[in-house]
Amino acid sequence: MSSMDVPAEVPRQVSQPPAVAADRRPATPTMTWVTLALMTTASVASLRAAPTMAVYGLACVFLYLVPAIVFLLPTALVSAELASGWSGGVYRWVAEGLSKPLGFLAVWCQFAMTIFYYPSLLAFVASTIAYVIDPSLAADGLYTAIVIMVLYWTGVWVSSHGTKTLAGLSSWGLVIGTLVPGTILVVLGMVFLAQGNPSAAPMTADHLLPQWTGLASLVLIVNNFLSYSGMEMNAVHVSSLKNPAKEYPKSMFLAVGLVLLIFILPALAISWVVPADKLSLTAGVMQAFQAFFAYFGVGWMTPIAAVMLISASLAGMLTWLAGPSKGLLEISRQEGYLPPFLQKLNKYGIQQNILVTQGVVTSVIALGYALIPNVSSVYWIFSTITTQVYLIVYLLMFAAAMRLRKTQPDHPRGYRVPAIGVVCVTGLLASAAALAIGFVPPSQFGGGSVWSYVLIVGGGLVILGLLIPWAFLKFRKPSWRQPAAATEAREA
């Protein structure tokens, strides 16, 4: 979600249909607050976003802390209240709080953001693979586009066969592709500095805040909203705690602390060894590993680190692939939001037509890497569009939470957010600000056309996040509803 890598919990959050009863809690607690904190950390934390913040050096601490306070915590607390009162994920929350069409918009955006997420994730994989084959390929757009398409379609083929072992991959991905390489990166960086080597980025108090050169100097903070997205996925487990009112906040504060450590320390380690003007947003992690391994005379470890990062990213992609589309499918069958062609299942009970249609669009988007010379620029644009589309979900979620507290104040909730008005308004304003700032090109891409950037990002947001769901709602027919089929598919 890292980041956008939050796959394992997606099916649980969106797979329940709107008709499921709201208050189905386990008779006895089944989870400790520490376990929930670790699960949440696994859902959110990733190394993929580290190069994006490493270009800011010590200021990355500030750029991570601000969205954590104004976005990460409000999201975690509000989603806990909603999940403990209404099962069914964001569709049910927004449909109950606002309206069913807006509920569809929320679940659509949760699905649609993956259309741009996969190219940016697989671009990271492509650049990492390049360090096993030939590092110069990391900046080759055509190579990146080919790898994206080959890996995505391979993932579609695997997912369409109904592989049931995918759900556990994200847990292994956290250990193999995040905790182990992240720890190695930070330890090597500390030893590197301890031996008297100068840091590539200044580490003095004067650099705690990002240099102010206008709005463009703060644009990279928007990417951190995407890095933190996914906190709502594990909110469904709030009812499994012994004392949700006390334990859930403790769990979230611990998770926030762990997530910040995993995000900040590797980003700093990268900034110690790779100068900002030479840092690739897709290959930055491998640039740091290569530099550290070369310095310590263990260059043979570079391919090993690459394989670890690749395995985690591919595991994340596979477990993400079927989750959001499955939730969209079941809700669309209940309410008739998608045409019959997109509702069909293959013999394995997988929504193959949705995956294939998504794959065609993903392949077209991947060509952007071949057509636009600067791979980092394409990566940033796609990451921004992904964030913009996903922010719509959070705007709707915060608005729905406030309205549900007014319209259904007595509805049973396992957890209630203190000062929910302040928390929701903070989350709404932060999300809206991030949405607006996302249209400003980042400072390191100042040489490009501002209006071209705004047109691409705005066009992606409007078409993918608004026009397409509006068209489905506008032209849907009563015959598209298949509630019986949705029940059968869920029980299969």
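Before reading further, recall that the structure is shown in the block above.
About the cut-offs
- Residues numbered from 1 in each chain as written.
- Predicted model: local features only at pLDDT ≥ 70, side-chain atom pairs only at ≥ 80, totals over all residues.
- Heavy atoms only, no water.
- Helix = DSSP H or I, 4+ residues; strand = E, 2+ residues; numbered from the N terminus.
- Contact = heavy atoms within 4.5 Å.
- Salt bridge = Lys/Arg side-chain N within 4 Å of Asp/Glu carboxyl O.
- Buried < 20%, exposed > 50% of the residue type's maximum accessible area, 1.4 Å probe, protein only.
- Axes fitted to C-alpha atoms, helices over the stretch in contact; angles between N-to-C directions.
- Parallel < 35°, antiparallel > 145°, perpendicular 65-115°, else oblique.
- Left-handed = near helix turned anticlockwise from the far one by under 90°.
- Nonpolar A, V, L, I, M, F, W, Y, C, P; charged D, E, K, R; others polar.
- Phe/Tyr/Trp six-rings, centres within 6.5 Å; stacked < 30°, edge-to-face > 60°.
- Expected span 1.5 Å × (residues − 1).
- Bend = angle between axes of the 7 residues up to and from the residue.

A. Representation of the environment of Gln195 in the model. Within the secondary structure, Gln195 sits in the loop between α8 (169–194) and α9 (220–228). Those residues in contact with Gln195 that sit more than four places away from it in its chain are Tyr295 and Phe296.

B. Fine view of the pattern of salt bridges. Within this structure, the stated rule accounts for 4 salt bridges. For Arg405, the salt bridge identified is with Glu81, shortest N-O distance 2.7 Å. Taken together, the residues Arg405 in helix α16 (residues 375–407) and Glu81 in helix α4 (residues 60–85) connect sequence positions 324 residues apart. Glu81 sits in the buried class, given a relative accessible area of 2%. The partner of Lys100 in a salt bridge is Glu335, and the shortest N-O contact between them spans 3.3 Å. Of this pair, Lys100 sits in helix α6 (residues 100–133) while Glu335 is found in helix α13 (residues 323–335), placing the two residues 235 residues apart along the sequence.

C. View of the packing of helix α10 (residues 244–273) against helix α11 (residues 284–295). Running from amino to carboxyl end, α10 crosses α11 at an angle of 60 degrees, the nearest separation of the two axes being 9 Å. Between α10 and α11, the crossing angle belongs to the class labelled oblique. For α10 against α11, the interelement crossing comes out left-handed. Facing α10, whose interface residues are Ala269, Ile270 and Val273, α11 presents Gly284, Val285, Ala288, Ala291 and Phe292. Broken down by class, the residue content of the contact of α10 with α11 amounts to 7 nonpolar, 1 polar and no charged.

D. Looking closely at the packing of aromatic side chains. Counted according to the given criterion, the structure contains 15 aromatic pairs. Where Trp470 meets Phe475, the ring centres are 6.5 Å apart and the plane angle is 80 degrees; that geometry is what we call edge-to-face. Grouping residues by exposure puts Trp470 and Phe475 together as exposed. Of the aromatic side chains, those joined through ring pairs into one cluster are Tyr91, Phe104, Trp108, Phe111, Tyr337 and Phe472.

E. How the structure looks around helix α18 (residues 450–475). Helix length check: α18 (26 residues) gives 35 Å between terminal C-alpha atoms against 38 Å at 1.5 Å per residue, within 8%. The axis of α18 is deflected most strongly, by about 35 degrees, at Ile463.

F. Local environment of the packing of α6 against helix α7 (residues 141–160). Put simply, α6 and α7 touch, their axes get as near as 9 Å, and they point 115 degrees apart. Judged by the angle between their axes, α6 and α7 are roughly perpendicular. In this structure, the crossing between α6 and α7 has a hand that is right-handed. In this structure, α6 contributes Tyr118, Pro119, Leu122, Ala123, Val125, Ala126, Ile129 and Ala130 to the contact, and α7 contributes Tyr143, Thr144, Val147, Ile148, Leu151 and Tyr152. Residue classes in the contact of α6 with α7 are distributed as 13 nonpolar, 1 polar and no charged.

Remember, this is a structural readout, not a statement about activity or role.
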